[in-house]
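Structural characterization, general
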Amino acid sequence: MIKNDAYYMGLALKEAKKAALKNEVPVGAVIVLGDKVIAKAYNKRVEKEQTHAHAEMMAIQKANRKLGSWRLEDCRLYVTLEPCPMCAGAIIQSRMKTLYFGAKDPKGGVAGSVINLFDVKFNHQVEVVGGILEEACSNELKNFFKILRNNK
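Residues numbered from 1 in each chain as written. Predicted model: local features only at pLDDT ≥ 70, side-chain atom pairs only at ≥ 80, totals over all residues. Heavy atoms only, no water.

Our focus in this paragraph is the sheet that holds strand β3 (residues 75–81). Pairing is mixed in the open sheet, where five strands are placed in the order β2-β1-β3-β4-β5. Looking along the sheet, the strands with just one partner apiece sit at the ends: β2 (36–42) and β5 (127–130). With strand direction ignored, the average angle separating the axes of adjacent strands in the sheet is 15 degrees. Against the sheet, helix α1 (residues 5–21) touches β1 (28–33), β2, β3 and β4 (98–103), its axis set at about 50 degrees to β3. Across the sheet, helix α5 (residues 134–150) touches β3 and β4, and the angle it forms with β4 is around 60 degrees. (Pairing = 2+ DSSP bridges. Helix = DSSP H or I, 4+ residues; strand = E, 2+ residues; numbered from the N terminus. Axes fitted to C-alpha atoms, helices over the stretch in contact; angles between N-to-C directions. Contact = heavy atoms within 4.5 Å.)

On to the pattern of salt bridges. Under the defined criterion, the tally for this structure stands at four salt bridges. With a shortest N-O distance of 2.9 Å, K18 and E15 are connected by a salt bridge. Here the residue K18 and the residue E15 both occupy positions in helix α1, the gap between them amounting to three residues, near one helical turn. Under the relative-accessibility criterion, E15 is labelled buried at 4%. In this structure, the salt-bridge partner of E47 is K22, at a minimum N-O distance of 3.9 Å. Of this pair, E47 sits in helix α2 (residues 45–48) while K22 sits in the loop between α1 and β1; the two residues are 25 residues apart in sequence, bridging distant segments of the chain. Overall, the relative accessible area of 45% leaves E47 in the partly exposed class. (Salt bridge = Lys/Arg side-chain N within 4 Å of Asp/Glu carboxyl O. Buried < 20%, exposed > 50% of the residue type's maximum accessible area, 1.4 Å probe, protein only.)

In structure tokens:
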């Protein structure tokens, strides 16, 4: 089976669904090296009571441990929601090769929605591809917040 970007984003979406089941904002992330998944994670801010416990940050930490390095130079990150400034910084600092995201975040996304930090000429450039399984990723978030509002 040839694994494509939609396949890996589908894995990230499965992670997002795990977050929703734990009453976390449903964002999931998967890091791939070659054709092998080396890290999967989802938001755990509520569970851990930590500001930085975003899916991307959790996945980057796992990948760092797996590879025994802070450098993730040949890795690709798949995340269901456009990254925030904190996560974008970590993605750039980790030397990630490519970022693939699903849904846009018009209120906090920094891969083109609010600003594009990935266009700034830092010492490392990350290739960015948006809109992978965008509708499914967006619907996961919309459904979560709809349920949250109805339960208030």
